[in-house]
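Letter by letter, the chains look like this.
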There are 2 protein chains.
Amino acid sequence: MAQGGGPTAVINQSLMGVVLQARKFPEIERVYGARFGVSGIVKEDFIDLSIATDLNLEQVANTPGAALGSTRDKPDTAYCEKMFAVMQKHNIRYFFYIGGNDSAETCRIVNNEAKAAGYELRVVHIPKTIDNDILVTDHCPGFGSAARFVAHAFVGANLDNMALPGVYIGVVMGRHAGFLTGSSILAKKFPDDGPHLIYLPERSFGEDRFVADVERIYARYGRCVVAVSEGIVDEKNELVAVRLQKEKEHDAHGNICISGSGALGDLLVDLIKTKTNIKRVRSDTFGYLQRSFLGCVSAIDREEARAVGEKAVQFCIDQDVDGSVVIDRVSDYSVSYRLAPLESVAARSKSMPADFISGDNMVSEKFVNYVRPLVGEIEDFDRLSVPSVDKIN
Amino acid sequence: MAQGGGPTAVINQSLMGVVLQARKFPEIERVYGARFGVSGIVKEDFIDLSIATDLNLEQVANTPGAALGSTRDKPDTAYCEKMFAVMQKHNIRYFFYIGGNDSAETCRIVNNEAKAAGYELRVVHIPKTIDNDILVTDHCPGFGSAARFVAHAFVGANLDNMALPGVYIGVVMGRHAGFLTGSSILAKKFPDDGPHLIYLPERSFGEDRFVADVERIYARYGRCVVAVSEGIVDEKNELVAVRLQKEKEHDAHGNICISGSGALGDLLVDLIKTKTNIKRVRSDTFGYLQRSFLGCVSAIDREEARAVGEKAVQFCIDQDVDGSVVIDRVSDYSVSYRLAPLESVAARSKSMPADFISGDNMVSEKFVNYVRPLVGEIEDFDRLSVPSVDKIN
């Protein structure tokens, strides 16, 4: 087993699910973890999880990050040949890979190459991503906890903005999908609470419309809280964040790096400062905090992350098939699990459905109902509820 | 009573402490809250906290932000005259102001102006600040919770950086004092955990030294996690963050605005990318999240924030004096409270003592012992503790 792509708050729950479940099957002799994803297989860099203590696994499961280390490597035929040579030496016949759609693509490639090379191997993709952009599955483990961070962050940002009014812009992760940015809606408790505007990658972002939107909200409330996805695109479908970059950085899967910089937030602040008379304009870029922060986990997300790891082993061994673990929402709120073909989830990414979006700067009630159970109850907060004192003439 | 300056996670605890305690004294007929700090007094914009329900107060106390609203106004003689005219109409004779050193300065000015104008008024400053830079007091309510956020953020950032190695730079608030940035040290559990380098406003920051420091750590661990204060200054004592600004923004107290932008983090990333061969370099600017995030509060900080509000009322009425509430650390760990003269805390700010700092890029063990009780226990996290699998030849 190995982990790929960006870590989440609960990816180690899935790791633990695989380890604990795999130990139950007599046909599995040892459970090895490859360090730093598929690159650890090529390097024969394994740790023996068969003998991990339950306490250690339990503690690591509650730890954010990817305990085995991660990678963004994308294997080709030569890479896979090296993997199989190492696997054969250790008689490795099951490969569980926890990751997003790029990791699902890695699973698909490894699976096809194994067939072509005549290497007997079962490959199961275990979903994780904070972006929630994996196809087929209702939602992805990792998303609920990141969404919880975003919602709690916007509760605080909104309260801060009420105390010192102005414009606040929070930039949220999400390359192609607005699920995480949209989750900021859960911060609203009172009708005038922010976020007042939510910009998603699924709708084109126009600078003039943005300025007009902010001015309209500011005129109504004397303040404005905005949630913006790092992946917003302009009318030409070009990433707004990328226009700002001097030097473009890509990973092996061809993804351009747009995180780890405050430039988009700063650009939007400059826009408002330049084109309006609003004085106090601030932005935060939530960055890596939203996927790694210690102590902000959704209980449902934690459970489901464990479950997809357990189910991956159970399905794969019981049914002797490859695939990607899928979560189906069967009621509001319960789920069931199944395996889908690797081809159905690999490489491509899911966007927000049109009926989750309202206009070009808000999410719909349907989205709120979709996301609320995944995030769990927001911690309680309140306003003073007392009358104003009459002025004395 | 009113609130001034930047909100914190526990400033509303102090508000509640004042309200609940003030209601116990028969000489206090009503408890009014001024909206948006001293500006609410001038505008006669009061709410009647005398009749706030206990449940509502309790819920608001657990809410981040400043429930009364805040301001950065600095009163002069004319401003004070307007305040006294309004106060006189309502027979307001006690003024409790929750805020940082600028708010203490406001208290000092209001107190002096009241004496000069012959307006009978008791003025008490109730300390709060995430920067922990108020003089005399051992520490300030608000700091412990912000420090807890910073520590939890760096635990996650370090784990994320272990999974996908590179350089990570977290930019932390703190204009003149490094206490908050230094608190990142509490994220270290294992010897090779980050932050590996901590840059404080108290030590001059040299770009070449910074690059050399990062390269040294990177050579040793294959990765590097850095905590940087937004307030770092260069050899000429100029703010590094300010050099990047096109347009400088000041508040009424003469403070330059350096928060709400990711520019410093981006500058440091560019430095490392330009001057080293390290490919993966990321930065986060913690921004407003660290002072407003919902659900990350230190238990000690919450209690002490309540206590300084209660004590302010008790001292002021029992002893019939003005002053600023001070927390003395009497053992490891317990505290006592007293009033200090307003002049002793107003306007000026406290820096980290020299013995809290180690070299030019680390804090000392003495600082760790100072800060640990204020932050409370960091949530548990762990690493996999299993042997590597032998390579097969």
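Attention here is on the structure that accompanies the text. (Residues numbered from 1 in each chain as written. Chains lettered and ligands numbered in written order. Predicted model: local features only at pLDDT ≥ 70, side-chain atom pairs only at ≥ 80, totals over all residues. Heavy atoms only, no water.)

1. A look at helix α8 (residues 207-221) of chain B
Residues and elements named next belong to chain B.
Reasoning step 1: Across its 15 residues, α8 extends 21 Å between first and last C-alpha, which sits within 8% of the 21 Å expected from 1.5 Å per residue.
Reasoning step 2: Structurally, α8 contributes buried residues whose contacts are with β6 (167-172), β7 (197-199), β8 (224-229) and α10 (263-275).
Reasoning step 3: Two residues or fewer after α8 comes G222, characterised by a positive phi angle close to 75°. (Helix = DSSP H or I, 4+ residues; strand = E, 2+ residues; numbered from the N terminus. Expected span 1.5 Å × (residues − 1). Contact = heavy atoms within 4.5 Å.)

2. Details of the packing of helix α1 (residues 11-22) of chain A against helix α12 (residues 299-319) of chain A
Residues and elements named next belong to chain A.
Reasoning step 1: Packing of α1 against α12 brings their axes to within 7 Å, and their N-to-C directions diverge by 40°. Crossing handedness for the pair α1 and α12: right-handed. Note on element contacts: α12 touches α1 through R302, A305, R306, V308, G309, E310, V313 and Q314, opposite Q13, S14, M16, G17, V18, L20, Q21 and A22.
Reasoning step 2: Within the contact of α1 with α12, the residues separate by chemical class into 7 nonpolar, 6 polar and 3 charged. (Axes fitted to C-alpha atoms, helices over the stretch in contact; angles between N-to-C directions. Left-handed = near helix turned anticlockwise from the far one by under 90°. Nonpolar A, V, L, I, M, F, W, Y, C, P; charged D, E, K, R; others polar.)

3. A look at the pattern of salt bridges
Reasoning step 1: Per the counting criterion, the structure on display carries 38 salt bridges over all chains.
Reasoning step 2: Here R306 of chain B and E58 of chain B are joined by a salt bridge, their closest N and O atoms 3.0 Å apart. Of this pair, R306 of chain B sits in helix α12 (residues 299-319) while E58 of chain B sits in helix α3 (residues 54-61), placing them 248 residues apart in sequence.
Reasoning step 3: Several salt bridges share partner residues, and in doing so they unite R122, D320 and D322 of chain A into one network. (Salt bridge = Lys/Arg side-chain N within 4 Å of Asp/Glu carboxyl O.)

4. A word on unusual backbone geometry
Reasoning step 1: Going from G194 of chain B to P195 of chain B, the amide bond is cis rather than trans, its omega being 5°.
Reasoning step 2: By the element assignment, P195 of chain B lies in the loop between α7 (179-182) and β7.
Reasoning step 3: Omega for the peptide link from D332 of chain B to Y333 of chain B comes to 20°, which places this bond in the cis form.
Reasoning step 4: Topologically, Y333 of chain B is positioned in the loop between β10 (323-331) and β11 (334-340).
Reasoning step 5: Despite not being glycine, E44 of chain A has its phi angle at roughly 55°, a positive value.
Reasoning step 6: A relative accessible area of 7% places E44 of chain A in the buried class. (Buried < 20%, exposed > 50% of the residue type's maximum accessible area, 1.4 Å probe, protein only.)

5. Considerations on the relation of the copies chain B and chain A
Mapping between the two copies of the chain is achieved by a rotation about an axis and a shift along the axis.
Reasoning step 1: In screw terms, the move from chain B to chain A is a rotation of 180° and a rise of 0.0 Å along the axis, fitting with an RMSD of 0.0 Å. This pairing of chains is accounted for by a two-fold axis. Among all C-alpha atoms of chain B, that of G262 of chain B lies closest to the rotation axis, at 2.1 Å.
Reasoning step 2: Looking at chain B, 100% of its interface residues are interface residues in chain A too, so the copies touch through the same face. (Least-squares fit on C-alpha atoms with pLDDT ≥ 70 in both.)

6. Observations concerning the packing of α8 of chain B against α10 of chain B
When two helices pack together, their arrangement is given by the angle between the helix axes and by the axis-to-axis distance.
All names here are of chain B.
Reasoning step 1: At a closest axis distance of 10 Å, the pairing of α8 and α10 adopts a crossing angle of 70°. Overall, the two elements α8 and α10 adopt an arrangement that is roughly perpendicular. In the packing of α8 onto α10, the handedness of the crossing is right-handed. For the pair α8 and α10, the contacting residues are E207, D208, F210, V211, V214 and E215 in the first and L268, L271, I272 and K275 in the second.
Reasoning step 2: Residues that form the contact of α8 with α10 fall into these classes: 6 nonpolar, no polar and 4 charged. (Parallel < 35°, antiparallel > 145°, perpendicular 65-115°, else oblique.)

7. Side note on the interface of chain B and chain A
For interface size, the figure often reported is the accessible area lost on association.
Reasoning step 1: Counting residues at the interface gives 86 residues for chain B, matched by 86 residues for chain A.
Reasoning step 2: Surface buried jointly by chain B and chain A totals about 6,600 Å² across both partners, of which 59% is contributed by carbon and sulfur atoms.
Reasoning step 3: Looking at the side of chain B facing chain A, the largest losses of area belong to L294, L384 and V389 of chain B, adding up to 11% of the total buried there.
Reasoning step 4: Residue R291 of chain A pairs with D160 of chain B through a salt bridge whose shortest N-O separation is 2.8 Å.
Reasoning step 5: Our count for the chain B to chain A interface comes out at 30 residue pairs in polar contact (both at pLDDT 80 or more).
Reasoning step 6: Contributions of two or more residues to the side of chain B that touches chain A are made by β3 (46-48), α3, α6 (143-163), α10, β9 (281-285) and α11 (289-292) of chain B.
Reasoning step 7: No other element matches the 10 residues that α6 of chain B contributes to the side of chain B that touches chain A.
Reasoning step 8: Residues belonging to the side of chain B that touches chain A are distributed by class as follows: 40 nonpolar, 24 polar and 22 charged. (Buried area = accessible area lost by both parts, 1.4 Å probe. Polar contact = N/O pair within 3.5 Å; in protein donor to acceptor, adjacent residues only side chain to side chain.)

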